[in-house]
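Each chain, letter by letter, is given below.
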Amino acid sequence: RLHTGMKVINFSQNWNNKLDCAFFTTIRPANSYYNLGDQYNIYLNKQFVKTVCIIDIKNFYLKDITTFVTYLDAGKSVSEFNVLMAKFYGSNPAKLNGQFFFILLKSV
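A brief look at the structure comes next.

Cut-offs and rules
Residues numbered from 1 in each chain as written. Predicted model: local features only at pLDDT ≥ 70, side-chain atom pairs only at ≥ 80, totals over all residues. Heavy atoms only, no water. Phe/Tyr/Trp six-rings, centres within 6.5 Å; stacked < 30°, edge-to-face > 60°. Helix = DSSP H or I, 4+ residues; strand = E, 2+ residues; numbered from the N terminus. Buried < 20%, exposed > 50% of the residue type's maximum accessible area, 1.4 Å probe, protein only. 1 Å grid on protein atoms, 1.4 Å probe; cavity = no way out; pocket = protein on both sides within 12 Å on 5 of 7 lines; lining within 4 Å. Points joined across faces, edges and corners; volume = space filled by probe spheres on them. Nonpolar A, V, L, I, M, F, W, Y, C, P; charged D, E, K, R; others polar. Patch = residues over 30% accessible without salt bridge, like charges linked within 9 Å, V, L, I, M, F, W, Y side chains within 5 Å. Areas by Shrake-Rupley, 256 points an atom, 1.4 Å probe, with all protein chains shown as cover. Salt bridge = Lys/Arg side-chain N within 4 Å of Asp/Glu carboxyl O. Polar contact = N/O pair within 3.5 Å; in protein donor to acceptor, adjacent residues only side chain to side chain. Contact = heavy atoms within 4.5 Å.

## Things to note about the packing of aromatic side chains
All told, the structure shown has 9 aromatic pairs when counted by the stated rule. Taking the centre distance of 6.3 Å and the plane angle of 65° together, the rings of Phe11 and Phe24 count as edge-to-face. Of this pair, Phe11 sits in strand 1 (residues 7–11) while Phe24 sits in strand 2 (residues 23–29); the two residues are 13 residues apart in sequence, bridging distant segments of the chain. Classification of Phe11 by relative accessible area gives buried; the value is 6%.

Structure below.
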């Protein structure tokens, strides 16, 4: 159910069909927008999907990402995932080389 006035996490694609799951992950540049325990409305191509809560956050650098993480999160190999991240953040090298969050979300 849509909760108005809530923070939003946008997706351009339902990577690995994860938005259909009760628990799923997202990988985003680290920043204070994402907080443990906060709730967010999830949108796929500007269409509301569900409301979620962040239940865990792990910090990492893209250079350290593993096949385990990339296939579960996006259904892509490490090299394919790095191409995707370059597409999203390549215009900002500081962001691309900075810390990322591996965020675990739970549907509410």
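This is not the end of the story, as more comes after the structure.
## Structural notes on the layout of surface pockets
Taken as a whole, the largest pocket spans an internal volume of roughly 220 Å³. Taken together, 15 residues make up the lining of the largest pocket; nearest its centre are Phe11, Trp15, Ile27, Arg28 and Phe88. Taken together, the elements giving at least two residues each to the lining of the largest pocket come down to strand 1, strand 2, helix 1 (67–74) and helix 2 (78–89). Examining the composition of the lining of the largest pocket, we find that 5 residues originate from one element, helix 2, more than from any other. A class-by-class count of the residues in the lining of the largest pocket yields 9 nonpolar, 3 polar and 3 charged.

## Observations concerning a nonpolar patch on the surface
The grouping of Phe23, Ile55 and Leu104 at the surface amounts to a nonpolar patch, some 250 Å² of accessible area in total. With respect to the helices, strands and loops of the structure, Leu104 is situated in strand 5 (residues 99–107).

## Details of the side chain of Asn14
Position of Asn14 relative to the elements: it lies in the loop between strand 1 and strand 2. Owing to a relative accessible area of 18%, Asn14 belongs among the buried residues under this scheme. Polar contacts involving the side chain of Asn14 include one to the main-chain amide nitrogen of Leu19, which spans 2.8 Å.

## Quick look at the environment of Phe23
As for its position among the elements, Phe23 is in strand 2. Judged by relative accessible area, Phe23 falls into the partly exposed class, the value being 48%. Phe23 sits 26 residues away from Val49 along the chain, and the two C-alpha atoms are 14 Å apart. Each residue touching Phe23, except ones within four places of it in the same chain, is listed here: Ile55, Leu105 and Lys106.

## Describing unusual backbone geometry
Even without being glycine, Asn16 reaches a positive phi, approximately 55°. Looking at the element boundaries, Asn16 is found in the loop between strand 1 and strand 2. Judged by its relative accessible area of 41%, Asn16 falls in the partly exposed class.

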